[in-house]
Amino acid sequence: MDFVSIRIITGDIARLVEFYEKATGVQAAWPTEDFAELKTPSATLAIGSTRTVPLFAPGAARPADNHSVIIEFLVDDVDRVHGNLTGFVADFVNEPTTMPWGNRSLLFRDPDGNLVNFFAPVTPAAIAKFAR
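These remarks concern the structure in this document. Here the structure is a predicted model, which is why all the values come from computation and not from measurement.

**Section: the layout of surface pockets**
Phase 1 of the analysis: Within this model, the largest pocket holds a volume of roughly 740 Å³.
Phase 2 of the analysis: Lining the largest pocket are 27 residues, and of these T40, S42, E72, F73 and L74 lie nearest its centre.
Phase 3 of the analysis: Going through the elements one at a time, α1 (13–24), β4 (44–49), β5 (70–74) and α3 (78–85) are the ones with two or more residues in the lining of the largest pocket.
Phase 4 of the analysis: When grouped by side-chain class, the residues that make up the lining of the largest pocket number 17 nonpolar, 6 polar and 4 charged.
Phase 5 of the analysis: The volume enclosed by the second largest pocket comes to roughly 240 Å³.
Phase 6 of the analysis: What lines the second largest pocket is a set of 14 residues, and nearest its centre among them are R7, I8, I9, N66 and N114.
Phase 7 of the analysis: If you tally residues by element for the lining of the second largest pocket, the top one is strand β1 (residues 5–10), at 4 residues.
Phase 8 of the analysis: Split into classes, the residues belonging to the lining of the second largest pocket amount to 7 nonpolar, 4 polar and 3 charged.

**Some details on unusual backbone geometry**
Phase 1 of the analysis: Phi is positive for A64, close to 55°, though the residue is something other than glycine.
Phase 2 of the analysis: Positionally, A64 belongs in the loop between α2 (53–56) and β5.
Phase 3 of the analysis: Look at A64 and you get partly exposed, because its relative accessible area is 47%.

Rules used throughout
- Residues numbered from 1 in each chain as written.
- Predicted model: local features only at pLDDT ≥ 70, side-chain atom pairs only at ≥ 80, totals over all residues.
- Heavy atoms only, no water.
- 1 Å grid on protein atoms, 1.4 Å probe; cavity = no way out; pocket = protein on both sides within 12 Å on 5 of 7 lines; lining within 4 Å.
- Points joined across faces, edges and corners; volume = space filled by probe spheres on them.
- Helix = DSSP H or I, 4+ residues; strand = E, 2+ residues; numbered from the N terminus.
- Nonpolar A, V, L, I, M, F, W, Y, C, P; charged D, E, K, R; others polar.
- Buried < 20%, exposed > 50% of the residue type's maximum accessible area, 1.4 Å probe, protein only.

Below, the structure written as structure tokens:
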């Protein structure tokens, strides 16, 4: 089994796709007007409109209602990225912080309130874990 993607359901797909394109620098592919994907070398962030939910099961997902998942992106320099996002991101949850497990992290919310973590390994063990 391979983990391929995570999908966010949103009531405003254009706004959310634009946010992630700007935050990540990754251009989205739009197979339909109700579905877009931002592909990175290791995973895909899929964004679907609320109109796609009934295709799976009506009422199975609600937009802007996530309180348990953090979407994480590995970046080269958390502090530089923080500077680039200042003035663009409206809700920083924390400033760049080095975590006990060795990653420097920047936690913020996207326009739908989903938590996003941009992180970079900074300790030797964390750097080894994420070596490409």
